[in-house]
Amino acid sequence: DAGVTQSPTHLIKTRGQQVTLRCSPKSGHDTVSWYQQALGQGPQFIFQYYEEEERQRGNFPDRFSGHQFPNYSSELNVNALLLGDSALYLCASSPGSGANVLTFGAGSRLTVL
Amino acid sequence: TQLLEQSPQFLSIQEGENLTVYCNSSSVFSSLQWYRQEPGEGPVLLVTVVTGGEVKKLKRLTFQFGDARKDSSLHITAAQPGDTGLYLCAGKLASYGKLTFGQGTILTVHP
C-alpha cells in the first residue's frame, strides 16, 4: 500500500504565477483534505473534498481552489502566488468525511520568489 | 487567536529526562489527536482520545484528555533521541468537523 502520494515534492515559482499540486489518496480512502504548513508551525486547514465536492473550507482566499476526480485523487490550485504562500502543502486522506483517521502524505514544498 | 494552544513551543532536553506537552483550548472537542512529524514527512497519528478523562499509553508516551474535553497532555518518560520531532495536537469540534491543529511543540532530545 503506497499510502498518500503527493507531487511534486518541491517546486519554485515566482510571484503572480499559478501552481497545481496533486494528491493520490490511500487505497480505500474517498475523502481528501488539504493543509498549509509554515515552517515550524502546525498545519492550517484549507479545504476538504468528498464525492467530488468541496465540503468544508478554512480561512483561505478564493485564490486557493481544488478539485476531486472520480478516482478520489485531488488537485490544489493556487493563483496569483504571493511570497506568503511559501509553505509545505499537505494532503491527507480518510475513509469518509467524518472519519477520525487521517493519513498524511509527505507534502509538496512550495517556494515563491 | 489559535483554537488550540500548545506549550511549550520549544523543548530541548537530555536523553533520559521526562517531559510533558500541553494542549489547551476554551472550546469543547468531540475528539482530540496527537501527531508526530519528522522533517520532510507528513504528520503521523499517535493517538485519538474521545472520552473526557481518558488516558492512553503508547510505550513511553502517556496521553490524557481533560475531564471537560477542552485540554490534553502528552507525557514522555525517559526521552530518547528518536523522540525528536514536531508534536502536534489536533481536535474536532464536531464529529464531522474539520481537524484543527495547534501550533506544535518542537522537541529535541540530546544524547
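An account of the accompanying structure is given in this report. Residue positions within a chain follow its written sequence, with the count starting from 1. Chains and ligands are labelled sequentially in the order written, the chains with letters from A and the ligands with numbers from 1. Predicted model: local features are reported for residues with pLDDT of at least 70 only, side-chain atom pairs are reported and counted for 80 or more only, and whole-chain, interface and lining totals are derived from all residues. To get the side-chain values, take all heavy atoms of the structure and skip hydrogens and water.

1. Things to note about the nonpolar core
Residues and elements named next belong to chain B.
In step 1: For our purposes a nonpolar core is just a set of buried Ala, Val, Leu, Ile, Met, Phe, Trp, Tyr and Cys residues, chained together by side-chain atoms within 4.5 Å. Residue burial is assigned from relative accessible area. The probe radius is 1.4 Å, only protein chains are included, and a residue is buried under 20% of its type maximum, exposed over 50%, and partly exposed in between. Ranked by internal contacts, the top residues of the largest apolar core, which has 21 residues, are I13, L19, L32, W34, L74, I76 and L107.
In step 2: Among the elements of the structure, strand 2 (10–14), strand 3 (19–24), strand 4 (31–37), strand 5 (44–49), strand 7 (61–65), strand 8 (71–76), strand 9 (85–92) and strand 11 (105–110) are those that each provide at least two residues to this core.
In step 3: L32 has contacts with L4, C23, V47, T48, V49, F65, S72, C89, A90 and G91, leaving out every residue within four places of it along the chain. Strands are runs of DSSP state E lasting at least two residues, helices are runs of H or I lasting at least four, and both sets are numbered from the N terminus onward. Whether two residues are in contact is decided by their heavy atoms, any of which lying within 4.5 Å being enough.

2. Observations concerning the sheet that holds strand 7 (residues 64–68) of chain A
All names here are of chain A.
In step 1: Between any two strands, at least two bridges found by DSSP are needed for them to pair. In spatial order, the strands read 1-3-8-7; together these four strands make up an open sheet with antiparallel pairing. The two strands at the open ends of the sheet, each matched to only one other strand, are strand 1 (5–7) and strand 7. Strand after strand, the sheet turns through a mean of 15° between neighbouring axes, direction not considered.
In step 2: In this structure, strand 3 (residues 19–24) lies alongside strand 8 (residues 74–78), joined through five bridges in antiparallel fashion. The residue of strand 8 that forms the bridge with L21 is L76. The convention used is that axes are lines fitted to C-alpha atoms, helices contributing only their stretch in contact, and that angles between N-to-C directions extend from 0 to 180 degrees.

3. A short note on the state of the cysteines
In step 1: Note that a disulfide, as used here, is simply two cysteine sulfur atoms within 2.5 Å. Within the structure shown, the criterion is met by two disulfides over all chains.
In step 2: In this model, C23(A) is linked to C91(A) through a disulfide, with the two sulfur atoms separated by 1.8 Å. Between C23(A) and C91(A), the S-S dihedral sits near -60°, and the bridge is therefore left-handed. Residue C23(A) is found in strand 3, and its partner C91(A) is found in strand 9 (residues 87–94); the two are separated by 68 residues along the sequence. Comparing C23(A) with C91(A), the two get one shared label, buried.
In step 3: A disulfide bridge connects C23(B) with C89(B), and the sulfur atoms are separated by 2.0 Å. Judged by the sign of its S-S torsion, about 75°, the bond between C23(B) and C89(B) is right-handed. With C23(B) in strand 3 and C89(B) in strand 9, the pair connects residues that are 66 residues apart, well separated along the chain. The two residues C23(B) and C89(B) agree in class, both being buried.

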